[in-house]
Amino acid sequence: MGTADGQSVNAATGQAGSTKMIKPFYYVNADPERLREVITNIFDNAVKYTESGSVTLGLTGNNEVVQISVRDTGPGIPAEDIPHLFQKFYRVDSSSTRTIGGTGLGLFICRKIVELYDGRIWVESELGKGSTFYVNLPRLTSEKAKQLQAIEAASGNTLAPLSSAGAP
Ligand SMILES: Nc1ncnc2c1ncn2[C@@H]1O[C@H](COP(=O)(O)OP(=O)(O)OP(=O)(O)O)[C@@H](O)[C@H]1O
Ligand SMILES: [Mg+2]
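Remember, predicted model here, so these are calculated numbers, not experimental data. (Residues numbered from 1 in each chain as written. Chains lettered and ligands numbered in written order. Predicted model: local features only at pLDDT ≥ 70, side-chain atom pairs only at ≥ 80, totals over all residues.)

Further remarks concern the pairing of strand β5 (residues 120-126). Where β5 meets strand β6 (residues 130-138), seven bridges bridge the pair, whose relative direction is antiparallel. Paired with Trp-122 across the two strands is Tyr-134, which belongs to β6. Between β5 and β6, which pair antiparallel one after the other, the connecting turn spans three residues, and Gly-128 there sits at a positive phi close to 80°. (Pairing = 2+ DSSP bridges. Helix = DSSP H or I, 4+ residues; strand = E, 2+ residues; numbered from the N terminus.)

Below is the structure:
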């Protein structure tokens, strides 16, 4: 799938499916639905654990990688929990997790999907300040992406570009 730096601006026009694309395009070899699941899980966490402040989505890259980030101004995650965070059923024992429901599966699923595409997922966090979750995926050249799109199209499975919300 392809992604572009920039913001999805459906809200600006109020029209479903209206998006603004800003180049450069970033292509990665991943199922858009699975990638959407990863971003949704991380974004949902950011929103549910952040009582006040903001959640910011970012998209950037270089020749090798495409990087998605989700930054929040929530409670942060204790350093001792970070190594376990992406394990099955792991939840930080805190007042927010005691009051906010969850199974501890979201980040485990994210890691499994990201690893399926040879990517990496991690978090940087400071207690009381917030957390930033990063997803790095190998970047495809546009030539390689076009080849794969042609193969996918031939098999009836299109590899459509996906606009992605990004921090300015
Ligand atoms: N943005 C965040 N800020 C603070 N803590 C977080 C954040 N994201 C995740 N966590 C902590 O990591 C734990 C694991 O997250 P994960 O998404 O795997 O599970 P969950 O949100 O508890 O449940 P589920 O996603 O299965 O509904 C959470 O329980 C929470 O303690
Ligand atoms: Mg979750």
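Looking now at the pairing of strand β3 (residues 55-61). Relative to strand β4 (residues 65-72), β3 runs antiparallel, the two sharing seven bridges. Looking at the pairing, Gly-61 lines up with Val-66 of β4. Hairpin connection between β3 and β4: a loop of three residues separates the two successive antiparallel strands.

Turning our eyes to something else, we now look at the site of ligand 1. Around ligand 1 sit 21 residues in total, of which Asn-45, Arg-91, Val-92, Gly-102 and Gly-106 are the nearest. Where the shell around ligand 1 is concerned, the elements lending two or more residues are α2 (32-49) and α4 (106-116). With four residues, the single largest contributor to the shell around ligand 1 is α2. (Near = placed C-beta within 6 Å.)

Peptide bonds are mostly trans, and most non-glycine residues show a negative phi. Phi at Phe-89 takes a positive value of approximately 65°, unusual for a residue other than glycine. On the secondary structure map, Phe-89 appears in the loop between β4 and α3 (95-99). Positive phi outside glycine occurs at Asp-118, with the angle close to 60°. By secondary structure assignment, the location of Asp-118 is in the loop between α4 and β5.

Another point: the nonpolar core. Ranked by internal contacts, the top residues of the largest apolar core, which has 25 residues, are Val-28, Val-38, Ile-42, Cys-110, Val-114 and Val-135. Of the domains in this structure, domain 1 (1-27 + 140-168) and domain 2 (31-139) are the two that each give at least three residues to this core. Once residues within four sequence positions are removed from consideration, Val-135 is found in contact with Val-38, Ile-68, Val-114, Gly-119 and Ile-121. (Core = buried A, V, L, I, M, F, W, Y, C linked by C-beta atoms within 7 Å. Buried ≥ 20, exposed ≤ 12 C-beta atoms within 10 Å, placed from the backbone. Domains from an automatic or database assignment. Contact = placed C-beta atoms within 7 Å.)

A pair of packed helices is characterised by two quantities: the angle between their axes and the separation of those axes. Between α2 and α4, the shortest axis-to-axis distance is 9 Å and the interhelical angle comes to 150°. Taken together, the axes of α2 and α4 lie roughly antiparallel to each other. The way α2 lies across α4 gives a crossing that is left-handed. Where α2 abuts α4, its residues Arg-34, Glu-37, Val-38, Asn-41, Ile-42 and Asn-45 lie against Gly-106, Leu-107, Ile-109, Cys-110, Ile-113 and Val-114. Of the residues assigned to the contact of α2 with α4, the class counts are seven nonpolar, three polar and two charged. (Axes fitted to C-alpha atoms, helices over the stretch in contact; angles between N-to-C directions. Parallel < 35°, antiparallel > 145°, perpendicular 65-115°, else oblique. Left-handed = near helix turned anticlockwise from the far one by under 90°. Nonpolar A, V, L, I, M, F, W, Y, C, P; charged D, E, K, R; others polar.)

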